[in-house]
Amino acid sequence: MLKVGLTGGIGSGKSTAARIFEVLGIPVYYADQAARLIMNEDPGLKEQIIHHFGPGSYTDGKLNRSYLAQKVFSDKAKLDLLNSLVHPATIRMAEQWMKAQTTPYAIKEAALIFESGTQEYLDYVIGVYAPEPLRILRTMKRDSVGREEVLKRMSNQIEEDIKMRLCDFVLRNDEQQSLLQQVVELHDKLLQLSVLSSQ
């Protein structure tokens, strides 16, 4: 079975692409959701987060995402620290999940595949590309945040052009061409690659 990464900058539409793959019968591991789950349920990790970021990190035992976001998105060192605590656990969880899949290929959807070094564990990486103005608008609308907040978050990710050059395949989600059609074509290609890899 092929292990495939799916990534893209904030507001690129990688979750939309992931849902299309799911409709085609391909299981998807959502790394950001898994990270939130681990941050809420792993006692050791909770302890470390509170130690480094303060008791406000949790409210009634649940992760206080807006508090933590305020802490880390304006401070690269703090964001790196948080990622260094959370990434190893999510990478382990993704590996276990991948081993349990039986389809020709499975997908790990994550914003920070290259930033976290996760590409080492994957056979291919798909990038979802959208022009920056469109990504900013989508994120402002989705998260009800201002332009400055979106730009701050973007500054913590690898530049989009560089990220796309690192990917094996790129889907363009620019509202000019059909994302659905591109995903279906790539799905067929990945099924062929899966057959070749198992020969």
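Throughout this document, residue positions are counted from 1 along each chain, in the order its sequence is written. The model is predicted, so local features are restricted to residues of pLDDT at least 70 and side-chain atom pairs to those at 80 or more, both for listing and for counting; the totals for chains, interfaces and linings are taken over all residues. Side-chain numbers come from the whole structure's heavy atoms, not from hydrogens or water.

(A) Quick peek at the packing of helix α2 (residues 31-41) against helix α3 (residues 43-53). The N-to-C vectors of α2 and α3 enclose an angle of 85°; their axes lie 6 Å apart at closest approach. In terms of their interaxial angle, α2 and α3 are classed as roughly perpendicular. Here Ile38, Met39, Asn40 and Glu41 of α2 lie close against α3, whose contacting residues are Pro43, Leu45, Lys46 and Ile49. Residues are grouped as follows: nonpolar covers Ala, Val, Leu, Ile, Met, Phe, Trp, Tyr, Cys and Pro; charged covers Asp, Glu, Lys and Arg; every other residue, Gly included, is treated as polar. The residue makeup of the contact of α2 with α3, split by class, is 5 nonpolar, 1 polar and 2 charged. To get an axis, a line is fitted to the C-alpha atoms, and for a helix only the part in contact is used. The angle between two axes follows their N-to-C directions and goes from 0 to 180 degrees. Secondary structure is summarised from DSSP: a helix means a run of H or I of at least four residues, a strand means a run of E of at least two, and numbering begins at the N terminus for each. Reported orientations rely on four angle classes, namely roughly parallel under 35 degrees, roughly antiparallel over 145, roughly perpendicular from 65 to 115, and oblique for the rest. Contacts are assigned to residue pairs that have any heavy atoms within 4.5 Å of one another.

(B) Inspection of α3 at higher detail. For α3, the complete set of buried residues consists of Leu45, Ile49 and Phe53. The arc enclosing the buried residues of α3, seen along the axis, measures out at 40°, which places them on a common side. Among the exposed residues of α3, those pointing more than 90 degrees away from its buried face are Pro43, Glu47 and His51. Along its buried surface, α3 packs onto α2, β3 (58-59), α4 (65-72) and α5 (76-99). Distance and chemistry together define a polar contact, namely a pair of N or O atoms within 3.5 Å, with one atom able to donate a hydrogen and the other to accept it when in protein, and with adjacent residues in sequence counting only for side-chain atoms on both sides. At the N-terminal end of α3, a side-chain oxygen is found 3.0 Å from the backbone nitrogen of glycine 44, two or three residues along, and the residue is aspartate 42. Once α3 ends, the next one or two residues include glycine 54, with phi positive near 100°. Only protein chains enter the accessibility calculation, which uses a 1.4 Å probe; a residue is then buried when its area is under 20% of its type maximum, exposed when over 50%, and partly exposed in between. Arc, as used here, means the arc of the directions from the helix axis to the C-beta atoms.

(C) Highlighting the pairing of strand β6 (residues 124-129). Counting buried positions along β6 yields 5 of 6 residues, so the element is predominantly enclosed. Strand pairing is defined by DSSP finding a minimum of two bridges between the two strands. Where strand β1 (residues 2-7) meets β6, 4 bridges bridge the pair, whose relative direction is parallel. For leucine 6, the partnering residue across the bridge sits in β6 and is isoleucine 126. As paired strands, β6 and strand β7 (residues 169-172) are joined by 4 bridges and run parallel to one another. Among the inter-strand pairings, tyrosine 129 is bridged to a residue of β7, identified as arginine 172.

(D) Region of the structure containing helix α6 (residues 132-143). Helix length check: α6, at 12 residues, gives a terminal C-alpha distance of 16 Å against a target of 16 Å (1.5 Å per residue), a fit within 8%. Where α6 is concerned, the buried positions are Leu134, Arg135, Ile136 and Thr139. Summarising the contacts, the buried residues of α6 are in contact with α7 (147-154) and α8 (160-166). Downstream of α6 by a residue or two, serine 144 has a phi angle that is positive, lying close to 50°. For a helix, the expected span equals 1.5 Å multiplied by the number of residues minus one.

(E) Main features of the sheet that holds β6. Spatial ordering of the open sheet is given by β2-β5-β1-β6-β7, a layout of 5 strands whose pairing is parallel. The sheet is open, and its two borders are formed by β2 (28-30) and β7, each paired with just one other strand. The mean angle between the axes of side-by-side strands here comes to 25°, regardless of whether they run parallel or antiparallel. Here 5 bridges tie β1 to strand β5 (residues 105-109), and the two strands are oriented parallel to one another. Among the inter-strand pairings, leucine 2 is bridged to a residue of β5, identified as tyrosine 105.

(F) Seen up close, the confidence of the model for the chain. Of the residues in the chain, 100% have a pLDDT of 70 or more, and the chain-wide mean is 92. Along the chain, pLDDT gives the predictor's confidence residue by residue, from 0 to 100. Highest mean pLDDT in the chain belongs to β7 (98); lowest belongs to α7 (86).

(G) Molecular detail of the side chain of lysine 14. Turning to its location among the elements, lysine 14 is positioned in helix α1 (residues 14-23). There is no salt bridge for the buried lysine 14, and the closest opposite charge comes from glutamate 109, which lies 4.8 Å off by N-O distance. Not counting chain neighbours up to four residues away, the residues in contact with lysine 14 comprise Leu6, Thr7, Gly8, Gly9, Glu109, Ala110, Ala111 and Val128. Only four residue types enter the tally: Lys and Arg on the positive side, Asp and Glu on the negative side; His and the chain ends are excluded. For this document, the term salt bridge refers to a Lys or Arg side-chain nitrogen within 4 Å of an Asp or Glu carboxyl oxygen.

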